[in-house]
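# Working through the structure, step by step
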Amino acid sequence: GLSKSIMPRLPKGSHGRAAYNFITPYFISPHNHLILYHAGNYVFKSIDRGDSWRLISPDLSFSADPGKRSTAAGAIAESPLEPGVLYVGTDRGAFWVTLDDGRNWVEHSTGLANGYIRSICPSRFSRTRVYAAVTGINEDDLGCHLYATDDQGLHWTSIAAGLPDEVAYVILEDPANMNILYAGLLRGVYVSVDRGRSWALLGPGLPAAAVSDLVIQEREMDLVASTYGRGIYVINIRPIREAY
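Because the structure is a prediction, the values reported are computed rather than measured. (Residues numbered from 1 in each chain as written. Predicted model: local features only at pLDDT ≥ 70, side-chain atom pairs only at ≥ 80, totals over all residues. Heavy atoms only, no water.)

## Thoughts on the nonpolar core
Counting 30 residues, the largest nonpolar core has L146, I159, I171, Y182, W199, L214 and L223 as the members making the most contacts within it. When residues of this core are traced back to their parent elements, those giving at least two are β10 (130–136), β11 (141–149), β13 (168–173), β14 (181–185), β15 (188–192), β17 (211–217) and β18 (222–227). Residues in contact with W199, not counting those within four places in the same chain, are L146, I159, A161, L163, I171, L181, Y182, A183, Y190, V191 and S192. Grouped together as the second largest cluster of nonpolar side chains are 15 residues, A75, I117, I120 and W156 included. (Core = buried A, V, L, I, M, F, W, Y, C linked by side-chain atoms within 4.5 Å. Buried < 20%, exposed > 50% of the residue type's maximum accessible area, 1.4 Å probe, protein only. Helix = DSSP H or I, 4+ residues; strand = E, 2+ residues; numbered from the N terminus. Contact = heavy atoms within 4.5 Å.)

## Here we look at the layout of surface pockets
In this structure, the largest pocket encloses a volume near 1000 Å³. Contributing to the lining of the largest pocket are 33 residues, with A77, I120, L172, D213 and L214 lying nearest its centre. Every element with two or more residues in the lining of the largest pocket is listed here: β1 (26–28), β5 (73–78), β9 (116–122), β13 and β17. For the lining of the largest pocket, the leading source of residues is β9, giving 6 residues. When grouped by side-chain class, the residues that make up the lining of the largest pocket number 23 nonpolar, 4 polar and 6 charged. Counted as a void, the second largest pocket has a volume near 190 Å³. Breaking the lining of the second largest pocket down by element, the ones donating at least two residues are β11 and β12 (157–158). Grouping the constituent residues of the lining of the second largest pocket by class yields 3 nonpolar, 4 polar and 5 charged. (1 Å grid on protein atoms, 1.4 Å probe; cavity = no way out; pocket = protein on both sides within 12 Å on 5 of 7 lines; lining within 4 Å. Points joined across faces, edges and corners; volume = space filled by probe spheres on them. Nonpolar A, V, L, I, M, F, W, Y, C, P; charged D, E, K, R; others polar.)

## Side note on the sheet that holds β5
Strand order in the open sheet made by the 4 strands is β5-β6-β7-β8, with antiparallel pairing throughout. Looking at strand neighbours, the two that pair on one side only are β5 and β8 (106–107), the edges of this open sheet. Two elements, β5 and strand β6 (residues 86–90), share 5 bridges in a ladder whose sense is antiparallel. The residue of β6 that forms the bridge with I76 is V88. (Pairing = 2+ DSSP bridges.)

## A word on the pattern of salt bridges
One pass over the full model with this rule turns up 10 salt bridges. Measuring nitrogen to oxygen at the nearest pair gives 3.8 Å for the salt bridge that ties R127 to E82. Residue R127 is found in the loop between β9 and β10, and its partner E82 is found in the loop between β5 and β6; the two are separated by 45 residues along the sequence. Overall, the relative accessible area of 46% leaves R127 in the partly exposed class. The salt bridge partner of D174 is R241, with a shortest N-O separation of 3.1 Å. With D174 in the loop between β13 and β14 and R241 in helix α1 (residues 238–243), this pair connects stretches of sequence that are 67 residues apart. (Salt bridge = Lys/Arg side-chain N within 4 Å of Asp/Glu carboxyl O.)

## Quick notes on the packing of aromatic side chains
Scanning all chains against the criterion turns up 5 aromatic pairs. Look at Y147 and W156: their rings are 6.4 Å apart centre to centre, the planes differ by 80 degrees, and that puts the pair in the edge-to-face class. Both residues of the pair, Y147 and W156, count as buried. Cluster of aromatic residues (ring-pair linked, three or more members): Y87, F95, Y147 and W156. (Phe/Tyr/Trp six-rings, centres within 6.5 Å; stacked < 30°, edge-to-face > 60°.)

## Some details on unusual backbone geometry
Both trends apply: most residues other than glycine have a negative phi, and most peptide bonds are in trans. Residue R49 is not a glycine yet carries a positive backbone phi of 60 degrees. In this fold, R49 is placed in the loop between β3 (43–46) and β4 (54–55). A positive phi angle, close to 60 degrees, is found at M221, a residue other than glycine.

## Points about a nonpolar patch on the surface
A cluster of nonpolar residues, F22, I23 and Y228, forms a patch on the protein surface that exposes about 400 Å² of accessible area. Mapped onto the elements, F22 comes out in the segment before β1. (Patch = residues over 30% accessible without salt bridge, like charges linked within 9 Å, V, L, I, M, F, W, Y side chains within 5 Å. Areas by Shrake-Rupley, 256 points an atom, 1.4 Å probe, with all protein chains shown as cover.)

These values are about where atoms sit, not about what they do.
Pasting the structure below:
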């Protein structure tokens, strides 16, 4: 069959222009399979699977911090506990929050590195807990930047202690155990069983390749890792859950 583009555009009469990163974030709402969210420098929402879109944000590239003035979003996520609670991270470390499905936005960026927010993971166990992975590789910053907040970004804490000082691309909370986290780095997948206070390299068999994304197949209890150029790898996480 034929495919069609569902890329949203700014409404006629809007000021400014929409901008997007090469990897443009969008997702299906966990609360309603008909709802899509899509983010560039603006955030758009569709309630009909992409047939039509409406604008739900101002231009989020304009941070209050001049060092965080951005091009567009690098990540967007919705709370699995509350519909319409959205988090957007830009390619220069600006973090935006809306609690009312886009009617009002606030910036909670203080404490985050001025890098590309590649991954946002809102917790399933706390309405205000969020995790974020920030990469500085585009600015020749090869350090590890992983963060957690318990107040929707008002205060950020680094959870990178004990990890190699290399680029982090993705962070994921275990859907069944709030203490277990998984992180995809430049050369492997790491696991924490104490919410980021300590980390260990996860499992044999994965090449030392950059991990671009992680997802958990909940029924099978499989953690799936995609890599840059080395394929996709799967590991069963049942033993980790049973041990902790």
